[in-house]
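Descriptive structure summary
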Amino acid sequence: YSAIWSFTTISPLDIQTVAIVDSFDVPGSSPTGLAWDGSSLWMIDNLENVYQLDTNGTMLRTFNSAYDASDITWDGIYLWLHKYYGSGLIALDTLGNYVNALSIGHWAFSGMAWDGRYFWVADYNASRIYKHAADGKTLIYFGVDVTSSRTEALDYDGKYLIVGNDNRISKYTTNGERHFI
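Residues numbered from 1 in each chain as written. Predicted model: local features only at pLDDT ≥ 70, side-chain atom pairs only at ≥ 80, totals over all residues. Heavy atoms only, no water.

**Digging into the overall build of the protein chain**
Within the protein chain one finds zero helices and 16 strands. Out of the 181 residues in the protein chain, the part that is buried amounts to 40%. Considering only residue pairs separated by 6 or more positions, the protein chain has 31% of its internal contacts joining residues 24 or more positions apart. (Helix = DSSP H or I, 4+ residues; strand = E, 2+ residues; numbered from the N terminus. Buried < 20%, exposed > 50% of the residue type's maximum accessible area, 1.4 Å probe, protein only. Contact = heavy atoms within 4.5 Å.)

Listed below in structure tokens is the structure:
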């Protein structure tokens, strides 16, 4: 015989999913960066216009960044733009008002991401990925495989850095090790 015991079953966690239509035409010109804030998609185009879009592609807000920016990310509070020239990050509120700037010293057109604690910025010319503290301080950097072209895109999926160029997408750990599937 054993002691009496019991257990309770619970239903699986409700996972919130977001329904974005398969595709939609964007307002403005050619997109150079995208960021998701949990409810809206933010896009910056090659004319430095920033658009807030709903999941159906309807424009909710727009403003011109006026900061020579090429990419955009969301840190949970602010939109951060990666400048073409001057190699810095600019924080804007969701109305387009300037909040802060960080000098990071990397060439734009290469991608950036926020992982919840750090900025990750790709440098097109050096083919490196840099990890920055929220104050802009460089913490680490590592080179990436650019056999056929330079780094042109960067994102973070919650575990890995996703690095893209015009021929491939690769996954890297946050300490610079290439992750092979």
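Next comes the rest of the description.
**Here's the deal with the side chain of D37**
The residue D37 is located in the loop between strand 1 (31–36) and strand 2 (41–45) in this model. For the buried D37, no salt bridge exists, and the shortest N-O distance to an oppositely charged side chain is 7.6 Å, to R61. Among the polar contacts listed, one links the side chain of D37 to the backbone nitrogen of S39, at a separation of 2.8 Å. Polar side-chain contacts of D37 include one of 2.9 Å to the side chain of W42. (Lys, Arg positive; Asp, Glu negative; His and termini not counted. Salt bridge = Lys/Arg side-chain N within 4 Å of Asp/Glu carboxyl O. Polar contact = N/O pair within 3.5 Å; in protein donor to acceptor, adjacent residues only side chain to side chain.)

**Focus on the nonpolar core**
Judged by nonpolar contacts, A35, W42, I44, V50, F63, A69, I72, W74, L79, L81, I90 and L92 together constitute the single largest core of 12 residues. Those elements giving two or more residues to this core turn out to be strand 2, strand 5 (69–74), strand 6 (79–83) and strand 7 (88–92). At three residues, the largest contribution of residues to this core is made by strand 5. In this structure, I129, F142, L154 and L161 belong to the second largest nonpolar core, which totals 10 residues. (Core = buried A, V, L, I, M, F, W, Y, C linked by side-chain atoms within 4.5 Å.)

**Notes on the side chain of D45**
With respect to the helices and strands, D45 occurs in strand 2. No salt bridge is formed by the buried D45. Its closest oppositely charged neighbour is R61, at 16 Å. Here S29 takes part through its backbone nitrogen, which lies 3.0 Å from a polar atom of the side chain of D45. Engagement of the side chain of D45 in a polar contact is seen with the side chain of Y51, the distance being 3.5 Å.

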